Amino acid sequence: MADTERRRHHAIDYIELTVTDLAAARRFYADAFGWEFNDYGPQYAGIRDGSGESVPEVGGLALGTEVRTGGPWCCSTPPTSTGPSPR
């Protein structure tokens, strides 16, 4: 099946989230969105959207050590006063 045939309208394509408590994050996202997970050890869990085993992973939860403010940015380096602005 071609990649375009697998994609679903209004669905997450792929997202990675850094969390400081992997077990708590798994519980939260499972309850909030019905997500299921593939375990890859104590520091990473792949996200399945809950629509079945045959659906590819739509992202992952990665264990991090700190909470950071802000959000994603458009380029490979964080935005600065002289750099690119977030989009």
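From a predicted model like this one, the values you see are computed outputs, not experimental measurements.

Enquirer: Could you clarify how one ought to interpret helix H2 (residues 22-33) in this entry?
Expert: Given 3.6 residues to a turn, an α-helix orients residues that are three or four positions apart in the same direction. Spanning 12 residues, H2 covers 16 Å between terminal C-alpha atoms, matching the ideal 16 Å at 1.5 Å per step. For H2, every residue scored as buried is listed here: Leu22, Ala25 and Tyr29. Viewed along the axis of H2, the buried residues span an arc of 60 degrees, placing them on a single side of the element. Facing away from the buried side of H2 by over 90 degrees, the exposed positions are Arg27 and Asp31. Buried residues belonging to H2 abut strand E1 (15-19), strand E2 (36-39), strand E3 (44-48) and strand E4 (59-63). Where H2 begins, the capping side chain belongs to Asp21, and its oxygen is found 3.3 Å from the backbone nitrogen of Ala23.

About the cut-offs
Residues numbered from 1 in each chain as written. Predicted model: local features only at pLDDT ≥ 70, side-chain atom pairs only at ≥ 80, totals over all residues. Heavy atoms only, no water. Helix = DSSP H or I, 4+ residues; strand = E, 2+ residues; numbered from the N terminus. Expected span 1.5 Å × (residues − 1). Buried < 20%, exposed > 50% of the residue type's maximum accessible area, 1.4 Å probe, protein only. Arc of directions from axis to C-beta. Contact = heavy atoms within 4.5 Å. Polar contact = N/O pair within 3.5 Å; in protein donor to acceptor, adjacent residues only side chain to side chain.

Structural measurements only, silent on function.
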